[in-house]
Amino acid sequence: EPITNAPSGFLKRVQSLLNNGNEVIINTTNATLEDAFEKAKITFDKKLTNSDLQKIRLPKGVVLTKTNDDGFKFEINDIVLYDQDQNPNTIIDQIRASGGVTITPEFKLDIEINDFKIEYLRFTNLTTETANLEIKCTGSISYEPSHQLANLSFSPFVIWVGIVPVTI
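Residues numbered from 1 in each chain as written. Predicted model: local features only at pLDDT ≥ 70, side-chain atom pairs only at ≥ 80, totals over all residues. Heavy atoms only, no water.

S.K.: Help me understand a nonpolar patch on the surface in this model?
M.R.: Residues Val14, Leu17, Val24 and Ile26 make up a contiguous nonpolar surface patch of about 390 Å² in total accessible area. Broken down by secondary-structure element, the contributors of at least two residues to the nonpolar patch are strand S1 (12-20) and strand S2 (23-30). Counting through the fold element by element, Ile26 comes out in strand S2. (Patch = residues over 30% accessible without salt bridge, like charges linked within 9 Å, V, L, I, M, F, W, Y side chains within 5 Å. Areas by Shrake-Rupley, 256 points an atom, 1.4 Å probe, with all protein chains shown as cover. Salt bridge = Lys/Arg side-chain N within 4 Å of Asp/Glu carboxyl O. Helix = DSSP H or I, 4+ residues; strand = E, 2+ residues; numbered from the N terminus.)

S.K.: Is there a simple way to explain the environment of Val166 in this structure?
M.R.: As for its position among the elements, Val166 is in strand S13 (residues 164-167). Residue classification places Val166 among the buried positions, given a relative accessible area of 10%. Along the primary structure Val166 and Ser155 are separated by 11 residues, whereas in three dimensions their C-alpha atoms are 14 Å apart. Apart from the residues within four sequence positions on either side, Val166 is in contact with Leu33, Phe37, Phe157, Val158, Ile159 and Val161. (Buried < 20%, exposed > 50% of the residue type's maximum accessible area, 1.4 Å probe, protein only. Contact = heavy atoms within 4.5 Å.)

S.K.: Just checking my understanding: could you explain the layout of surface pockets for this structure?
M.R.: Over the atoms rolls a probe the size of a water molecule, and its path tells where empty space is left. Size it by volume and the largest pocket reaches roughly 270 Å³. What lines the largest pocket is a set of 13 residues, among which Phe74, Val101, Ile103, Leu149 and Ala150 lie closest to the centre. Top element by residues in the lining of the largest pocket is strand S11 (residues 151-154). It accounts for three residues. Approximately 200 Å³ is the volume attributed to the second largest pocket. Forming the boundary of the second largest pocket are 13 residues, of which Leu11, Leu33, Pro165, Val166 and Thr167 lie nearest the centre. Of all the secondary-structure elements, those providing two or more residues to the lining of the second largest pocket are strand S8 (106-114) and S13. For the lining of the second largest pocket, the element with the highest residue contribution is S13, accounting for four residues. Across the lining of the second largest pocket, the residue classes tally to 10 nonpolar, three polar and no charged. (1 Å grid on protein atoms, 1.4 Å probe; cavity = no way out; pocket = protein on both sides within 12 Å on 5 of 7 lines; lining within 4 Å. Points joined across faces, edges and corners; volume = space filled by probe spheres on them. Nonpolar A, V, L, I, M, F, W, Y, C, P; charged D, E, K, R; others polar.)

S.K.: Help me understand the sheet that holds strand S9 (residues 117-125), please; the structure alone is not making it clear to me.
M.R.: The pairing of strands in a sheet happens through backbone hydrogen bonds and is either parallel or antiparallel. Taken in spatial order, the three strands make up an open sheet running S3-S8-S9, and their pairing is antiparallel. Edge positions in the open sheet fall to strand S3 (39-47) and S9, since each of these has one partner strand only. Neighbouring strand axes in the sheet, compared pairwise and without regard to direction, differ in orientation by 5 degrees on average. (Pairing = 2+ DSSP bridges. Axes fitted to C-alpha atoms, helices over the stretch in contact; angles between N-to-C directions.)

Printed below as a string of structure tokens:
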């Protein structure tokens, strides 16, 4: 399971053991799920909520206004998406946005392992996004749109496969 020094947990394969007096030295390498399970079926569905949120970074002008099972709602208050001359005092060369974005992050994971081999792996991103944005541009600008409105980090999840905790 995750601990402070190993937030994603441990899954190791023992390469060798060395008896050295009262000590036993264990040499390990990272292991895979195929190393750990001869046969397993793992199914995990998760809709991410506020309680799963570990860290959030928002630029100036973006506010997280609501979080619940319906998702995360962001209010966007007249933020500058692009400023051609990088001078905030000249607004004729800016692209600005206002409005709101709601996201409901959800995913599904299915894995089948037989004879220490993954036979089936499917990760499905079921995230929904709704946006109501107003984009303003008062000049003639050539711009390839790309702008990050939020950065959300979520805590890892532990699911039990038999007696083995698997961190996702």
